[in-house]
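# Coordinate analysis (summary)
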Amino acid sequence: MPTVTKRRTASSATAKDSSALMKNKFLRPAACLAVSMQVQIEQLVRLPRKATVYAIKELVRRAGVTTEMFQTWRIEFEDEGFVNVFVQPGTNQRIRFPQANLWFWKELNAGQFRTATAKWMCDPGAKFALVPDFRIPFSSDARKDVGPLFTATGRDCIECPVDLPASTLLTLSRFEETLPGPRDVHGRFSAFSSIAWQNGFLHRPIVDEYGLALEQALSILLPGWNPVERRLRVKIGHDVDEIGVPFSLRTVLGHTLRRKIPLGTLRDLVAPWTGIDTTYAILLRKLVALSLEHGLDAAVYWKAHAPGPQEAGYDLRHKRIQGLVAALRAQGIEMGVHPSYNTFESLERLQVEVSAVRELLGAHEIGGRQDFLRWNPETWVHWDELDLAYDATVGFADHIGFRAGTCYPFRPWLLSKGREAQLLEIPLMAMDSTPQGYMKLSPEDAFRELIDCAARCRTVGGVFSLLWHNTRLVGQGYPVVYRKLLHELAGSERYDWRQSCD
Ligand SMILES: [Zn+2]
């Protein structure tokens, strides 16, 4: 962490007070704020300092600043409501952000916020054609267009017109998903409820794009500086909802009637008696083989739950599954946990399933993804509590895009705890059923959307994270989309979560 200083003693609330207030404020949805929080909000004038420092850290790593370099910096909080980020020891070279005022936080808690647009400081050229401007939800500035995101106001100072750290923190931490509002039949926050979709920027990794603007500003302050190179990395995961064990007549007949693979039906009818692989087991092996053929990684996430009313399931201890796990392990395939439908909002149930998968895999350090992408910001708290290495759930089921405004894996800020998580989040950009089932796109349009999404990840140097099920490698049109996509991504760098993001 860089040095954090305060220019003068704060005249209103101390940093400690503010921190405690923010913690309480985020704990409860707006409906409960009315009585108990009103008085406290009156006293709250800005984001807790450690939250601001966290957000600055997230911004600068997206600008290509290394952790080592950031550690030499100094962050100074002014009483006047500004924060200065001194970027070179012994000099006055700095980036200056205003801090959102009392009214901003008051409005925010009433569910009122605005999105602003900002421009580049200097024309970046055709290389950044996908980033024509910058979009800033939770803007602390009343203007719709705030001008350049960074402006030189002196030889050694570059200023931002908005409290970009606050906007970044609120976007990454999924603040809007803590507010009361509609949820779908599975209790999920819909893409269509999001500020990003409503303001037309769900397809853009807006927080990562701030990094491009900040890199430009830093290059002016630090002419000899070489930012970290931006490279696309790819993370492909396979959630195993079904594997053909236990025998299900519905699934077996579905191979012929719905998926048009009568041989699949035949295979599953004889599999229990002969010991040959089930259709879904073969498809899982095929998915993994496809990734490896294209020089990419595959991660397989296992369930530890029997079939239920909302979902398929299986007994992880079944010898066929044990055999499959052993075979994948021998290939060096990463495996993790796919917590079932009912683990959403239940730490107890999550713990039981995570323990079962850890036992089966013989590994404590695992990641995974929630079934049905049932997730809210408290899910991070549960995963963090169970010491899971990473979550890969944060993407919308009903729309491709950047749910948290980023494709950079990050350690989330836990709003209800007022601290950064140990858990890593690898945000999800798309899953197979999203373009097909939810967005109703033709295979051609789905392919175009997925390629556009990957191109945006490439531009900012993030991780294109994709979910494809073994059950979705059959059917019409879409398996071709997957193969074409792998062809496009072939040879891309794999994302290794074991190499920490900070
Ligand atoms: Zn699932």
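Residues numbered from 1 in each chain as written. Predicted model: local features only at pLDDT ≥ 70, side-chain atom pairs only at ≥ 80, totals over all residues.

### As for the overall build of the chain
Quick reminder of the rule: Each helix is a run of H or I in the DSSP string that is no shorter than four residues. Each strand is a run of E no shorter than two, and both are numbered from the N terminus. We take the radius of gyration over the C-alpha atoms and set the globule estimate at 2.2 Å times the residue count to the 0.38 power. As a rule, residues whose C-beta atom has 12 or fewer other C-beta atoms within 10 Å are exposed, those with 20 or more are buried, and those in between are partly exposed; C-beta atoms are placed from the backbone. Any residue pair is listed as a contact if its two C-beta atoms, each placed from the backbone, are within 7 Å.
Regarding its fold elements, the chain presents 17 helices and 20 strands. Here the chain has a C-alpha radius of gyration of 24 Å; the compact-globule value for 502 residues is 23 Å, and the two agree. Seen through its C-alpha atoms, the chain measures out along the principal axes to roughly 80 × 50 × 40 Å. The proportion of buried residues among the 502 residues of the chain is 48%. The contacts in the chain between residues at least 6 apart in sequence include a share of 74% that link residues at least 24 apart.

### So, the domain arrangement of the chain
Put simply, the rule reads: Start and end positions for the domains come from either an automated domain assignment or a database one.
For the chain, the domain assignment lists domain 1 (3-221) and domain 2 (235-246 + 282-494). Listed by partner, the interface residues are 40 residues for domain 1 and 29 residues for domain 2. Of all the secondary-structure elements, those providing two or more residues to the side of domain 1 that touches domain 2 are α1 (15-27), α3 (49-62), α6 (164-172), α7 (195-198) and α8 (206-221). The dominant element in the side of domain 1 that touches domain 2, judged by the number of residues it contributes, is α8, at 6 residues.

### Remarks on the nonpolar core
Definition in use: Put simply, a nonpolar core is a cluster of buried Ala, Val, Leu, Ile, Met, Phe, Trp, Tyr and Cys residues tied together by C-beta atoms within 7 Å.
Counting residues in each nonpolar core, the largest one holds 127 residues, and the members touching the most others are Leu169, Leu284, Val300, Trp302, Met429 and Phe464. Top element by residues in this core is α8. It accounts for 9 residues. Inspection of this core shows a minimum of three residues originating in each of domain 1 (3-221) and domain 2 (235-246 + 282-494). Among all residues touching Val300, those that are not within four sequence positions of it are His238, Val240, Leu284, Val288, Leu328, Ile333 and Met335.

### Things to note about the sheet that holds strand β9 (residues 157-159)
Counted only if it meets this: Two strands pair if DSSP finds at least two bridges between them. In this description, a line fitted to the C-alpha atoms serves as the axis of each element, helices being fitted only across the stretch in contact, and the angle between N-to-C directions of two axes falls anywhere from 0 to 180 degrees.
Reading across from one edge, β1-β2-β3-β4-β9-β8 is the order of the 6 strands in this open sheet, with mixed pairing throughout. Taken across any chain shown, the strands that pair with only one partner, and hence form the sheet edges, are β1 (3-6) and β8 (151-154). Taking the axes of each pair of neighbouring strands and ignoring which way they run, one obtains an average angle of 25° across the sheet. As defined by bridge partners, strand β2 (residues 74-77) adjoins strand β3 (residues 82-86) across 4 bridges and the pair is classed as antiparallel. Bridging across to β3, Glu76 finds its partner in Asn84.

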